[in-house]
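# Examining the three-dimensional arrangement
Residues per chain, in single letters:
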Amino acid sequence: MKSLIDILDFSVEELQDLVDTAMQIIQFPLAYADRCHGKKLATLFYEPSTRTRLSFEAAMLELGGQVLGFSEPSSSSAAKGESVSDTARMISCYADIMAMRHPMAGAPYVASRSASIPVINAGDGGHHHPTQTLADLLTIYREHGRFDHLTVGLCGDLKYGRTVHSLIAALSRYPGNRFILISPEELKVPEYVREDSLDPYPVPFEETEDLEKAIPELDILYMTRIQRERFEDLSRYEALKDSYILTPDKLKYAKEEMRILHPLPRVNEISVAVDADPRAKYFEQALNGKYMRMALILKLLEESAWDHLPSPEPKDLIRGEHICRNPRCIVSTEQELPHLFYRTEHGQYRCFYCDLAEGQ
Ligand code: NCD
């Protein structure tokens, strides 16, 4: 059974197929208006969301399907202590496909192990957010017409910003791309993102704190908000929250063809005055998210029609020898889950659910 947990679950060819389908949907919406007749999407949102949940729901409705679900864990059995596995198993009786957002890294993966319908990761803690990457990719495609040979600046909270992790993983696979990672020292991309997505190919990247210096080089500037809800010490959030504020002034030295993206919501990292700049594409990006989610729902439902087998667990997982102590990993709240680890090329052991190394 195909699910989307990590953007790398799709090959570059599959991503291109999704983009092509989304472009067809944009051109011929009526041809798709009935494609999911009689099908139901469940949205299980254990964390706040506006765009992701509503664009999933709009996507299913525009395909002629129906939606059910919850947008607050307090209104579901999670409030009574039900495990993600049990919830996912039960939702499989009521819906044909589910989208899950959860504050704990790895929760949608755990759901996919016990569900008998496709599971879509709609954001798991500070870990991954593959469907935002789908929205980002369609925007890049519509604006630049390609996914390669781009200089991409990612700015803001690169540590906890899950959209950044998934986007780097996706774009690293295309030739000629280069990243400029712009963040305060404390909010640099996690080690696993660097080791898995940047080091192996290898993809050229540099890290800097200086947004203004980087701007003239960029084809894409991807702004992100500092993720208040992921900070253990809120005084650190207060100290960092105004690290970057994009203003029309700073854009004076940007290329004409540079595009400004942001997964939204914005807090104050892009001044409202930038919205009028023709290079600002973040609202279009939100719309593109709906088209890509339509393409995704179609793909996963079509594939699940002939594939009922659970996906095999990746080989080489180590059970019972290591313990993940990350308080934001799903194993910390669901005690019955086995601790699963894998060994990296550098001999480090990393938790399979959250990708943090043992002891981090
Ligand atoms: C992002 C998320 O939830 O990670 N929002 C979204 O899905 N569009 C970005 C964010 O919350 O900062």
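On a predicted model such as this, the values are computed, not experimentally measured, just so you know. Numbers given to residues run from 1 along each chain, matching the order in which its sequence is written. For a predicted model such as this one, the threshold for reporting local features is a pLDDT of at least 70, and the threshold for listing and counting side-chain atom pairs is 80 or more; totals across whole chains, interfaces and linings nevertheless cover every residue. To obtain the side-chain values, all non-hydrogen atoms of the structure were included, while hydrogens and water were left out.

## Some details on the pairing of strand S8 (residues 220-223)
Residues Ile220 and Tyr222 point to one face of S8 and Leu221 and Met223 to the other, with burial holding for every one of them. When DSSP finds two or more bridges between a pair of strands, those strands are recorded as paired. For helices the rule is a DSSP run of H or I covering at least 4 residues; for strands it is a run of E covering at least 2, with both sets numbered from the N terminus onward. Strand direction decides the pairing type here: strand S5 (residues 151-155) and S8, joined by 4 bridges, are parallel. Bridge pairing in S8 links cysteine 155 to methionine 223. Bridge count for S8 against strand S9 (residues 259-261) is 3 bridges, and the pairing is parallel. Directly across from isoleucine 220, in S9, lies its bridge partner arginine 259. When a residue's accessible area, from a 1.4 Å probe over protein chains only, is under 20% of the maximum for its type it is buried; when over 50% it is exposed; and in between it is partly exposed.

## Digging into the sheet that holds strand S12 (residues 349-351)
Taking strand neighbours across the sheet as the criterion, the 3 strands line up as S10-S11-S12 in an open arrangement whose pairing is antiparallel. Two strands close off the open sheet at either side, each with one partner strand: strand S10 (318-319) and S12.

## Re the site of the ligand
The environment of the ligand is formed by Arg51, Thr52, Arg101, His129, Gln132, Arg162, Thr163, Arg225, Gln227, Pro263, Leu264 and Pro265. Each polar contact in these results corresponds to two N or O atoms within 3.5 Å; when the atoms are within protein, one needs to be able to donate a hydrogen and the other to accept it, and residues that are neighboring in sequence are counted only if both atoms are side-chain atoms. One nitrogen or oxygen atom from the side chain of arginine 101 is found 3.0 Å from an oxygen atom belonging to the ligand. Between a nitrogen atom of the ligand and a main-chain N or O atom of proline 263, the distance comes to 2.9 Å. Working definition of accessibility: Shrake-Rupley area with a 1.4 Å probe, residue cover restricted to the visible protein chains. For the ligand, the accessible surface in isolation is 310 Å², of which the surrounding protein chains cover 94%. Only helix H2 (51-62) and helix H6 (162-171) provide two or more residues apiece to the shell around the ligand. Each residue belonging to the shell around the ligand can be placed in one class, and the counts come to 3 nonpolar, 5 polar and 4 charged. Where each domain starts and ends comes from a domain assignment, either automatic or drawn from a database. When residues of the shell around the ligand are assigned to domains, at least three fall in each of domain 1 (7-129 + 287-304) and domain 2 (143-282). Near is defined per residue: the residue qualifies when any heavy atom it owns lies within 4 Å of the molecule or strand. Side-chain classes follow a simple rule in which Ala, Val, Leu, Ile, Met, Phe, Trp, Tyr, Cys and Pro form the nonpolar group, Asp, Glu, Lys and Arg form the charged group, and the remainder, Gly included, forms the polar group.

## A word on the side chain of serine 304
Examined against the element boundaries, serine 304 turns out to sit in helix H10 (residues 282-306). In terms of polar contacts, serine 304 uses its side chain to reach the backbone carbonyl oxygen of leucine 301, at 3.1 Å.

## Re helix H3 (residues 84-91)
Residues Val84, Ser85, Thr87, Ala88 and Ile91 constitute the buried set of H3. An end-on view of H3 places all buried positions within 165° of arc, on one side of the element. On its buried face, H3 sits against strand S1 (40-45), strand S3 (97-102), helix H4 (107-114) and helix H11 (330-333). Here the arc refers to the set of directions running from the helix axis out to each C-beta atom. Here, residues are in contact when the closest pair of their heavy atoms is within 4.5 Å.

## A short note on the packing of helix H5 (residues 130-144) against H6
The description of two packed helices rests on the angle between their axes and on the distance between the axes. To obtain an axis, a line is fitted to C-alpha atoms, over the contacting stretch when the element is a helix, and the angle between two such axes runs from 0 to 180 degrees between their N-to-C directions. Relative to each other, H5 and H6 sit at 55°, their axes nearing to 8 Å. With respect to H6, the element H5 is oriented oblique. Remark: the crossing between H5 and H6 carries right-handed chirality. Across the interface between the two elements, Pro130, Gln132, Thr133, Asp136, Leu137 and Ile140 from H5 touch Thr163, Ser166, Leu167, Ala170 and Leu171 from H6. A breakdown of the residues in the contact of H5 with H6 according to their chemical character gives 6 nonpolar, 4 polar and 1 charged. Here the word oblique covers every angle except those under 35 degrees (roughly parallel), over 145 (roughly antiparallel) and from 65 to 115 (roughly perpendicular). Handedness of a helix crossing follows the sense of rotation of the near helix relative to the far helix, less than a right angle counterclockwise being left-handed and clockwise being right-handed.

## Some thoughts on unusual backbone geometry
A cis amide bond links tyrosine 201 with the next residue in sequence, proline 202, at an omega value of -15°. Take proline 202: it is sitting in the loop between helix H7 (191-198) and strand S7 (205-208). Between leucine 264 and proline 265 the backbone carries a cis peptide bond, its omega angle lying at 5°. Following the sequence through the fold, proline 265 ends up in the loop between S9 and H10. Backbone geometry at aspartate 355 places phi at a positive 70°, although glycine is not the residue there. Tracing the backbone shows aspartate 355 in the segment after S12. By relative accessible area, which is 10% here, aspartate 355 ends up buried.

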